[in-house]
Amino acid sequence: MTSDYDRLRNGIEFMTAYVSGNDLLTVYVTERRREDPMAAEALLDGAAALCALLLRKVARETGKTEHELLQELARGTHRHEQQSEE
């Protein structure tokens, strides 16, 4: 069983590579897969754990529910995509 700390660390590493650009993300994922064939599962689990932690944090800070925040994100993304198509 992986600890929450390890899961979050994996998520932070993965998202750091993600925000650093596609080339770094590709290199990072390739290296992780070489080390561990199940790396993709661990990275997805870590990213989900990090997202859940951040969602709870924002919910506490704003007084909104996690569901409300997710709905706002969905609506905002939908609007952005519609504007991009125009």
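Residues numbered from 1 in each chain as written. Predicted model: local features only at pLDDT ≥ 70, side-chain atom pairs only at ≥ 80, totals over all residues. Heavy atoms only, no water.

A. Here's a closer look at the side chain of Asn 10. Topologically, Asn 10 is positioned in helix H1 (residues 4-19). Beyond its immediate chain neighbours, meaning those up to four positions away, Asn 10 contacts Tyr 28, Arg 32, Ala 42, Leu 43 and Gly 46. (Helix = DSSP H or I, 4+ residues; strand = E, 2+ residues; numbered from the N terminus. Contact = heavy atoms within 4.5 Å.)

B. Seen up close, helix H2 (residues 22-35). Across its 14 residues, H2 extends 20 Å between first and last C-alpha, which sits within 8% of the 20 Å expected from 1.5 Å per residue. When we look at burial in H2, the residues that qualify are Leu 25, Tyr 28, Val 29 and Arg 32. Seen along its axis, H2 keeps its buried residues to an arc of 95°; they face one direction. Exposed residues lying more than 90 degrees from the buried face of H2 are Asp 23, Thr 26 and Arg 34. Considering only its buried residues, H2 is in contact with H1 and helix H3 (39-62). (Expected span 1.5 Å × (residues − 1). Buried < 20%, exposed > 50% of the residue type's maximum accessible area, 1.4 Å probe, protein only. Arc of directions from axis to C-beta.)

C. Seen up close, H3. The end-to-end C-alpha distance of H3 is 34 Å, a good match for the 34 Å that 24 residues give at a rise of 1.5 Å each. The set of residues buried in H3 consists of Ala 39, Leu 43, Gly 46, Ala 47, Ala 49, Leu 50, Leu 55 and Ala 59. Backbone geometry just downstream of H3 places Gly 63 in the positive-phi region, at approximately 80°.

D. Representation of the packing of H3 against helix H4 (residues 66-85) within the structure. Where H3 contacts H4, the two axes come as close as 9 Å, and the packing angle between them is 105°. Relative to H4, H3 is oriented roughly perpendicular. The segment H3 lies against H4, with Leu 55, Arg 56, Val 58, Ala 59 and Thr 62 engaging Glu 66, Leu 69 and Leu 70. (Axes fitted to C-alpha atoms, helices over the stretch in contact; angles between N-to-C directions. Parallel < 35°, antiparallel > 145°, perpendicular 65-115°, else oblique.)

E. Quick peek at the nonpolar core. One finds Phe 14, Ala 17, Leu 25, Tyr 28, Val 29, Leu 43 and Ala 47 forming the largest nonpolar core, which totals seven residues. Taken together, the elements giving at least two residues each to this core come down to H1, H2 and H3. A per-element tally of this core places H2 first, with three residues. (Core = buried A, V, L, I, M, F, W, Y, C linked by side-chain atoms within 4.5 Å.)

F. Looking closely at the pattern of salt bridges. Counted according to the given criterion, the structure contains seven salt bridges. Here Glu 61 and Lys 57 are joined by a salt bridge, their closest N and O atoms 2.3 Å apart. With a gap of four residues between them, Glu 61 and Lys 57 both fall in helix H3, about one helical turn apart. On the accessibility criterion, Lys 57 (38% relative accessible area) is partly exposed. Residues joined by salt bridges that share partners form a network here, namely Asp 6, Arg 9, Glu 13 and Arg 32. (Salt bridge = Lys/Arg side-chain N within 4 Å of Asp/Glu carboxyl O.)

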